[in-house]
Amino acid sequence: MTATQVGASWRRTHNCGELREDHDGAQVTLNGWVQQRRNLGGIYFIDLRDRYGVTQIVLPEDLEAEVKLAREDCIAVTGVVAKREAPNDRMPTGQIELRAATVEKLSTSKTPPFEIEEKLDTAVELRLQYRYLDLRRPDMQRGLMHRSRFIGAMRNAFLKREFAEVETPILTKATPEGARDYLVPSRVHPGEFYALPQSPQIFKQLLMVAGMDRYFQVARCFRDEDLRADRQPEFTQLDMEMSFVEEEDIFAAWEGVLSETFRDSMGAEIPTPFPRLSWREAMERFGSDKPDMRYGMELIDAGPWVPHSGFGVFQSIVEGGGRVMGLCVKGGSEGISRGNIKKLEEVVKTYGAKGMAWWKPGLEGGAAGSIVKFCQGDSGAKLMEVMGAEEGDLCVFVADEEPVCWKALGALRTYVARTLEMIPSVDGADQGGSGPWNFLWVTDFPMFEWDAEPADGGKPRYVSQHHPFTAPDDWELAGDPAKMGSRAYDLVLNGWELGSGSIRIHRQDTQAKVFDLLGLGKEEIEMKFGFLLEALSYGPPPHGGFAIGLDRIVALTLGMESIRDVVAFPKTTAAADLMCHAPSTVDPHQMKDLFIQHADLPRPKEDGSKS
RNA sequence: GGGGAUGUAGCUCAAUUGGUUAGAGUGCCGGCCUGUCACGCCGGAGGUUGCGGGUUCAAGUCCCGUCAUCCUCGCCA
């Protein structure tokens, strides 16, 4: 009998994770992969693995000699369940074993390039090349299972709240601004291109105009930008939009959905409502629009000290409109050596600061630091007061334009917290799911940013901080664009930006004014957004929405640092798929069909690289 | 586009100041072993030191270039 026969007896009666003592004596068949073999001579053990667990199989040596089992062979085993002579309490199925009467090979396996085991120590490159083997590992399967449960729970939570799941096009229209688009040439329309959506933004707004009222979608989004541990060129959002709402309605909806999702998918309780912080306050206190509030060490305005310091460099920066800000690292005098201070300096320089001053306060002559001579006597006492510092602390300072101070010190705060292990460890879905889960709404983002060097080489201009469909605080857009507030908000979890959204512009006149402020010409507006403006002239409802990065929240809830481990088939930092070798060249006739040809290509790869 | 790290056996790593035949663990193959579960014991095979060039009597080691992977700045509305 072969495995391919219809009605063959190889089909499993149980999975590899479910047999227990009360199955003792039962005749069963298991299917799975050979995880491990132990040949004791005369008696032969194998651990049989599937997605549900591992069960020990015992077989007489002569039976093994017939089938010749190798690691990762896919087999069917039939026999009788028996209590073990020597139980293994570390395995859920450890009280029993399956005494094999017959073993059938369903397929054989070559020796795998790495061992299929939970503990992992293999180069990412190899794991990605053999992703189907990597995904056989139990921890990877648990990650994908958690992802499936999490998204399922979230979907249910939205459905329960009257949200309708609607799919939007993948082949769509290029939008200006924002990230680079992935383009798809059209065969039917020579010389024209579709773009893959960076998000379903405009479609979901049009669904509101259509009166769908409450929409959501598990939406794949595409952005042709450089990658990071938390960024893939294609990623998944839980995208939603609601009509007749303001900010608090959106927040409440998400707080409900998220607390339900955490409870249903991982048994975790998260307190609601989430705290809120204005963008300005987040920047001022944490130097980041996605602050990790699981620890303190907030930024401190050292401005009040500067007039007392007699330190010309700081004074002239303040007079020039800049700021002097700092951090006080409690106990940092001991914890951070001179060499480490050099590291801190490198960190702030990475973020555009010209330098970093530091000071270890010491009342009895023990003070040290690059600015110690300006911290004598009253000046030092004043500085300790401003910084809230005591002997044994380390104070660091950045003096620069406000955004530089924020950014550099915000990054430094994270770096120091990591170095000094101030960040609490997270119990993910695997470890009871107790977190801590530190959610935060960041609100009141600026409406516009000044772009001095547009990537397209165009003239300096304002760009939308969020996107051009975000409602301003003032529908009339009166006053200085640089100071205008918007109705955009972000959701932050443990220092990661999880998602963003806004109340949208539902007034055609306001939308037209925003396009105008962004420097778009009449023709350009008509060509790119004519259909949106047209739609806004047919009674659009006030509406707003939000989208959350599912890859990120799934990774975070597993306590992982990289979203690659919760994406089944991820791409490398060079946006390549090492398994199927995408991207790749195509046949010339395919290009001819699409009316495209190569411009000058960079020199082709000459090394022995596999792709 | 910029900065940093890494690249040695199938896998994870070692190899002193540039110096003899590039080692170990694991996996793989063969043999022995009837209660193992990281089974144990004995034996064996396995190397373009990412790729290309250079310096040198001599390069895994030094220099230049290049490729790949990871981290990161810019970028990511």
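Residues numbered from 1 in each chain as written. Chains lettered and ligands numbered in written order. Predicted model: local features only at pLDDT ≥ 70, side-chain atom pairs only at ≥ 80, totals over all residues. Heavy atoms only, no water.

## Looking at the protein's contact with RNA strand B
Put simply, the test is: Proximity is defined per residue: if any heavy atom of the residue lies within 4 Å of a molecule or strand, that residue is considered near it. Each polar contact in these results corresponds to two N or O atoms within 3.5 Å; when the atoms are within protein, one needs to be able to donate a hydrogen and the other to accept it, and residues that are neighboring in sequence are counted only if both atoms are side-chain atoms. Strands here are runs of E lasting at least two residues and helices are runs of H or I lasting at least four, both read from the DSSP assignment and numbered beginning at the N terminus. The residue classification treats Ala, Val, Leu, Ile, Met, Phe, Trp, Tyr, Cys and Pro as nonpolar and Asp, Glu, Lys and Arg as charged. All others, Gly included, are polar.
Within the structure, RNA strand B sits among 54 residues, and Gln36, Asn39, Glu97, His466 and Thr573 are positioned closest to it. Among atoms of RNA strand B positioned within 4 Å of the protein, sugar and phosphate together represent 61%. In this structure, glutamine 56 approaches RNA strand B through a side-chain N or O atom, which is 2.7 Å from a base oxygen. Contact distances for RNA strand B include 3.2 Å between a sugar or linking oxygen and a side-chain N or O atom of aspartate 121. Among the elements that make up the surface near RNA strand B, the one with the highest residue count is strand 1 (residues 27–39) (four residues). By residue class, the composition of the surface near RNA strand B is 15 nonpolar, 19 polar and 20 charged.

## A closer look at the sheet that holds strand 4 (residues 74–83)
Operational definition: Any two strands between which DSSP finds at least two bridges are classified as paired. Only the stretch in contact is used when a helix axis is fitted, and all axes are lines through C-alpha atoms; the angle between N-to-C directions ranges over 0 to 180 degrees.
Ordered in space as 1-2-3-5-4, the five strands form a closed barrel in which the pairing is mixed. Put simply, the sheet's adjacent strands are angled 55° from each other on average, direction ignored. In this sheet, strand 3 (residues 53–60) lies alongside strand 2 (residues 43–50) in antiparallel orientation, the contact comprising eight bridges. From the neighbouring strand, leucine 48 faces strand 3, where its bridge partner is threonine 55.

## Focus: the environment of lysine 407
To keep things clear, this is the line we draw: Per-residue accessibility, obtained with a 1.4 Å probe over protein chains only, is compared with the maximum for each type, and a residue is labelled buried under 20%, exposed over 50%, and partly exposed between these values. Residue contacts follow a heavy-atom distance rule, with two residues in contact if any of their heavy atoms lie within 4.5 Å.
Following the sequence through the fold, lysine 407 ends up in helix 13 (residues 402–419). Accessibility expressed as a relative area gives 52% for lysine 407, which makes it exposed. Sequence-wise, lysine 407 and serine 288 are 119 residues apart; in three dimensions their C-alpha atoms are separated by 6.5 Å. Excluding residues within four positions of it along the chain, lysine 407 makes contact with Gly287 and Tyr351.

## Re the pattern of salt bridges
Our working rule: Any carboxyl oxygen of Asp or Glu that lies within 4 Å of a side-chain nitrogen of Lys or Arg is treated as forming a salt bridge with it.
For the structure shown, the criterion picks out 46 salt bridges. Taking the shortest distance from any N to any O, the salt bridge between glutamate 248 and arginine 276 comes out at 2.7 Å. Separated by 28 residues along the polypeptide, glutamate 248 in helix 6 (residues 247–266) and arginine 276 in strand 11 (residues 276–278) bring together distant segments of the chain. For glutamate 248, a relative accessible area of 48% corresponds to the partly exposed category. Given a relative accessible area of 31%, arginine 276 falls into the partly exposed group. When salt bridges that share partners are traced, they join Arg127, Arg131, Asp134, Arg137, Asp139 and Asp565 into one network.

## Some thoughts on the pairing of strand 10 (residues 234–243)
Of all 10 residues that make up strand 10, nine are buried, and the element is covered over most of its length. Two elements, strand 10 and strand 22 (residues 543–549), share seven bridges in a ladder whose sense is antiparallel. Residue pairing across strands places methionine 240 opposite phenylalanine 546, the latter belonging to strand 22.

## Examining the packing of aromatic side chains
Worth spelling out the cut-off: Here a Phe, Tyr or Trp ring, Trp counted by its six-membered ring, pairs with any other such ring whose centre lies within 6.5 Å, and the pair is stacked when the planes are under 30 degrees apart, edge-to-face when over 60, and tilted otherwise.
One pass over the full model with this rule turns up 26 aromatic pairs. Ring plane angle 75° and centroid distance 5.6 Å describe the contact between phenylalanine 262 and tryptophan 437, whose orientation is recorded as edge-to-face. Taken together, the residues phenylalanine 262 in helix 6 and tryptophan 437 in the loop between helix 13 and strand 17 (439–443) connect sequence positions 175 residues apart. According to the relative accessible area criterion, phenylalanine 262 is buried, its value standing at 0%. Ring centres of tryptophan 305 and phenylalanine 314 lie 6.2 Å apart, and the angle between their planes is 80°; this geometry places the pair in the edge-to-face category. One exposure class covers both tryptophan 305 and phenylalanine 314, and it is buried.

## Overview of helix 13
As a reminder, the rule being used: Expected helix span is given by 1.5 Å per residue-to-residue step, counting one fewer step than there are residues.
Counted at 1.5 Å a residue, the expected span for helix 13 with its 18 residues is 26 Å, and the 25 Å between its end C-alpha atoms agrees. Buried within helix 13 we find Val404, Cys405, Trp406, Ala408, Leu409, Gly410, Ala411, Leu412, Arg413, Val416 and Ala417. On its buried face, helix 13 sits against helix 7 (279–286), strand 13 (323–329), helix 11 (338–350) and strand 16 (394–400). Note on helix 13: the residue one or two positions beyond its end, glutamate 421, has a positive phi of about 55°.

## Concerning the sheet that holds strand 14 (residues 357–360)
Across the sheet, five strands lie side by side as 12-13-16-14-15; this open sheet has antiparallel pairing. Each end of this open sheet is capped by a strand with a single partner; those strands are strand 12 (300–301) and strand 15 (368–369). The sheet contact formed by strand 14 and strand 16 spans three bridges and is antiparallel. Bridge assignment links tryptophan 359 to a residue of strand 16, and that residue is cysteine 395. Of the strands in this sheet, strand 13 and strand 16 touch helix 13, which is tilted by about 10° from strand 13.

## Concerning the nonpolar core
Defined as follows: The term nonpolar core refers to a set of buried residues drawn from Ala, Val, Leu, Ile, Met, Phe, Trp, Tyr and Cys, joined through side-chain atoms within 4.5 Å.
With 60 residues, the main nonpolar core has Met154, Trp254, Leu258, Phe262, Phe439, Ile548 and Ile553 as its most contacted residues. Residues Met283, Tyr295, Ile341 and Cys405 belong to the second largest nonpolar core, which totals 36 residues.

## Side note on the packing of helix 11 against helix 13
A pair of packed helices is characterised by two quantities: the angle between their axes and the separation of those axes. The test is simple: Small angles under 35 degrees read as roughly parallel and large ones over 145 as roughly antiparallel, with 65 to 115 read as roughly perpendicular and the rest as oblique. Crossing handedness is defined as follows: a turn of the near helix away from the far one that is anticlockwise and smaller than a right angle gives a left-handed crossing, while the clockwise case is right-handed.
Where helix 11 meets helix 13, the closest approach of the two axes is 8 Å, and the angle between their N-to-C directions is 140°. In this view, helix 11 runs oblique relative to helix 13, as classed from their interaxial angle. By crossing handedness, the relation of helix 11 to helix 13 is classed as right-handed. Listed contacts from helix 13 to Lys343, Leu344, Val347 and Val348 of helix 11 are Ala408, Ala411, Leu412, Tyr415 and Val416.

## Notes on the side chain of arginine 323
The topology assignment puts arginine 323 in strand 13. Given the relative accessible area of 14%, arginine 323 is considered buried. Only 2.7 Å separates the side chain of arginine 323 from the side chain of glutamate 284, close enough to count as a polar contact. Of note is the side chain of arginine 323, whose polar atom sits 3.5 Å from the side chain of aspartate 301. Dropping the residues within four chain positions of it, arginine 323 is found in contact with Arg280, Glu284, Asp301, Ile317, Val398, Ala399, Asp400, Glu402, Cys405 and Trp406.

## Focus: the domain arrangement of chain A
Selection rule: The domain limits used here are those given by an automatic or database domain assignment.
Partitioning chain A into domains gives domain 1 (21–107) and domain 2 (295–419). In this structure, domain 1 and domain 2 have C-alpha centres spaced 64 Å apart.

## Regarding the packing of helix 4 (residues 138–160) against helix 16 (residues 550–557)
At their nearest, the axes of helix 4 and helix 16 sit 10 Å apart, and the two run at 120° to each other. Taken together, the axes of helix 4 and helix 16 lie oblique to each other. As for the relative orientation of helix 4 and helix 16, their crossing is right-handed in sense. Residue-level contacts link His146, Arg147, Phe150, Ile151 and Met154 of helix 4 to Leu550, Asp551, Ile553, Val554 and Thr557 of helix 16. Residues belonging to the contact of helix 4 with helix 16 are distributed by class as follows: six nonpolar, two polar and two charged.

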